[in-house]
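Remarks on the overall topology
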Amino acid sequence: ETGVTQTPRHLVMGMTNKKSLKCEQHLGHNAMYWYKQSAKKPLELMFVYNFKEQTENNSVPSRFSPECPNSSHLFLHLHTLQPEDSALYLCASSQGGVNTEAFFGQGTRLTVV
Amino acid sequence: AQKVTQAQTEISVVEKEDVTLDCVYETRDTTYYLFWYKQPPSGELVFLIRRNSFDEQNEISGRYSWNFQKSTSSFNFTITASQVVDSAVYFCALSSANQAGTALIFGKGTTLSVSS
């Protein structure tokens, strides 16, 4: 069982659909993150949760809505997305300190049609 | 502002060649950490190394070595005797003690292709 698991691995959705991405970590970490990876762009930090509390929102449009019910689970709820939102969405977790490395899931490849 | 620059977008080498991936960072903080990650085609980022700002010793791990130089704000990564399995996207990242959320700031990545 991998440390950070993301589902689904691939998702195709229409612009009027509502879907959710799921992330689960089995590492006992306190912090969880959502990153967006688009072609030719750096990994963009979207949201940070520490001990289930959101500590950072990097000016992400409201059509992306995160949820962290506990330290092991993180969701990203999607609604009325645009084609430019198509990307690889990566979840990560860490112990939470600035000196700790993050462990990543394999990502969800999202295509908005 | 925090920033990581990986000027090399793509590098192609033949097996057994040595290759160096460049990373230049910007931060005003005195305490910070630098990281390298590897992203194979499967998509998952794999942690390779962490270095703190007070430790400028170079590090070697097998065929991998890292050269940290504060004077030039660089943290370069060298693969010796490259292999096909080294083909991946490599990311350099930065985090600092004053950065809200302590999340990593990544460079754009360098795509390394190793041919046989």
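Reading the values: the criteria
- Residues numbered from 1 in each chain as written.
- Chains lettered and ligands numbered in written order.
- Predicted model: local features only at pLDDT ≥ 70, side-chain atom pairs only at ≥ 80, totals over all residues.
- Heavy atoms only, no water.
- Core = buried A, V, L, I, M, F, W, Y, C linked by side-chain atoms within 4.5 Å.
- Buried < 20%, exposed > 50% of the residue type's maximum accessible area, 1.4 Å probe, protein only.
- Helix = DSSP H or I, 4+ residues; strand = E, 2+ residues; numbered from the N terminus.
- Phe/Tyr/Trp six-rings, centres within 6.5 Å; stacked < 30°, edge-to-face > 60°.
- Disulfide = S-S within 2.5 Å.
- Contact = heavy atoms within 4.5 Å.
- Buried area = accessible area lost by both parts, 1.4 Å probe.
- Salt bridge = Lys/Arg side-chain N within 4 Å of Asp/Glu carboxyl O.
- Polar contact = N/O pair within 3.5 Å; in protein donor to acceptor, adjacent residues only side chain to side chain.
- 1 Å grid on protein atoms, 1.4 Å probe; cavity = no way out; pocket = protein on both sides within 12 Å on 5 of 7 lines; lining within 4 Å.
- Points joined across faces, edges and corners; volume = space filled by probe spheres on them.
- Nonpolar A, V, L, I, M, F, W, Y, C, P; charged D, E, K, R; others polar.

**Considerations on the nonpolar core**
Formed by 23 residues in total, the largest nonpolar core has its most connected members in Trp-36, Phe-77, Tyr-90 and Leu-112 of chain B. Elements that contribute at least two residues to this core include exactly strand 2 (10–14), strand 3 (19–21), strand 5 (32–39), strand 8 (64–69), strand 9 (74–79), strand 10 (88–96) and strand 12 (110–115) of chain B. It is strand 10 of chain B that contributes the most residues to this core, four residues altogether. Counting 22 residues, the second-largest nonpolar core is a separate cluster that includes Leu-21, Trp-34, Phe-47 and Tyr-49 of chain A.

**Side note on the packing of aromatic side chains**
In this structure the tally under the stated criterion is 19 aromatic pairs over all chains. Look at Phe-104 of chain A and Phe-106 of chain B: their rings are 5.9 Å apart centre to centre, the planes differ by 75 degrees, and that puts the pair in the edge-to-face class. With Phe-104 of chain A in strand 10 (residues 103–104) and Phe-106 of chain B in strand 11 (residues 105–106), this pair bridges two chains. Of the two residues examined, Phe-104 of chain A and Phe-106 of chain B, each falls in the buried class. These aromatic residues form a ring-pair network of at least three members: Tyr-33, Tyr-35 and Phe-104 of chain A together with Phe-35, Tyr-37, Phe-47, Phe-91 and Phe-106 of chain B.

**What about the state of the cysteines?**
Taken as a whole, this structure holds two disulfides over all chains when the rule is applied. Note that Cys-23 of chain A is cross-linked by a disulfide to Cys-91 of chain A, the S-S spacing being 1.9 Å. On the sign convention where negative means left-handed, the S-S torsion of about -75 degrees between Cys-23 of chain A and Cys-91 of chain A marks this disulfide as left-handed. Here Cys-23 of chain A is found in strand 3 (residues 18–25), whereas its partner Cys-91 of chain A is found in strand 9 (residues 87–94), with 68 residues between them in sequence. Look at Cys-23 of chain A and you get buried, because its relative accessible area is 0%. Here Cys-23 of chain B engages in a disulfide with Cys-92 of chain B; their sulfurs sit 1.9 Å apart. The disulfide joining Cys-23 of chain B to Cys-92 of chain B has a torsion of about -65 degrees about its S-S bond and is therefore left-handed. In this pair, Cys-23 of chain B sits in the loop between strand 3 and strand 4 (24–26) while Cys-92 of chain B sits in strand 10, placing the two residues 69 residues apart along the sequence.

**Looking at the interface of chain B and chain A**
Listed by partner, the interface residues are 23 residues for chain B and 25 residues for chain A. Both faces considered, chain B and chain A share a buried interface measuring about 1,900 Å² in area, 56% of it formed by carbon and sulfur atoms. Connecting chain B to chain A are one salt bridge. Among the salt bridges present, the one from Glu-101 of chain A reaches Arg-50 of chain B, with a minimum N-O distance of 2.3 Å. Connecting chain B to chain A are five residue pairs in polar contact (both at pLDDT 80 or more). For the side of chain B that touches chain A, the secondary-structure elements that each account for two or more residues are strand 5, strand 6 (46–52) and strand 10 of chain B. If one sorts the elements of the side of chain B that touches chain A by residue count, strand 5 of chain B sits on top with four residues.

**Focus: the environment of Glu-56 of chain A**
If you trace the backbone, Glu-56 of chain A turns up in strand 6 (residues 53–57). Measuring from C-alpha to C-alpha, the distance between Glu-56 of chain A and Lys-36 of chain A comes to 14 Å, with 20 residues separating the pair along the chain.

**Focus: the pattern of salt bridges**
Residues and elements named next belong to chain B. Applying the stated criterion across every chain, the model contains five salt bridges over all chains. Its salt-bridge partner being Arg-51, residue Asp-55 comes within 2.9 Å of it at the nearest N-O pair. We note a salt bridge from Arg-51 to Glu-59, for which the minimum N-O separation is 2.7 Å. A cluster of three or more residues bridged by salt bridges with shared partners is formed by Arg-51, Asp-55 and Glu-59.

**Brief notes about the layout of surface pockets**
One number sums up the size of the largest pocket: a volume of about 550 Å³. As for the largest pocket, its lining consists of 27 residues, and the residues nearest its centre are Gln-37 of chain A together with Gln-39, Val-89, Phe-91 and Thr-111 of chain B. The leading source of residues in the lining of the largest pocket is strand 10 of chain B, at three residues. Partitioning the lining of the largest pocket into residue classes produces eight nonpolar, 13 polar and six charged.

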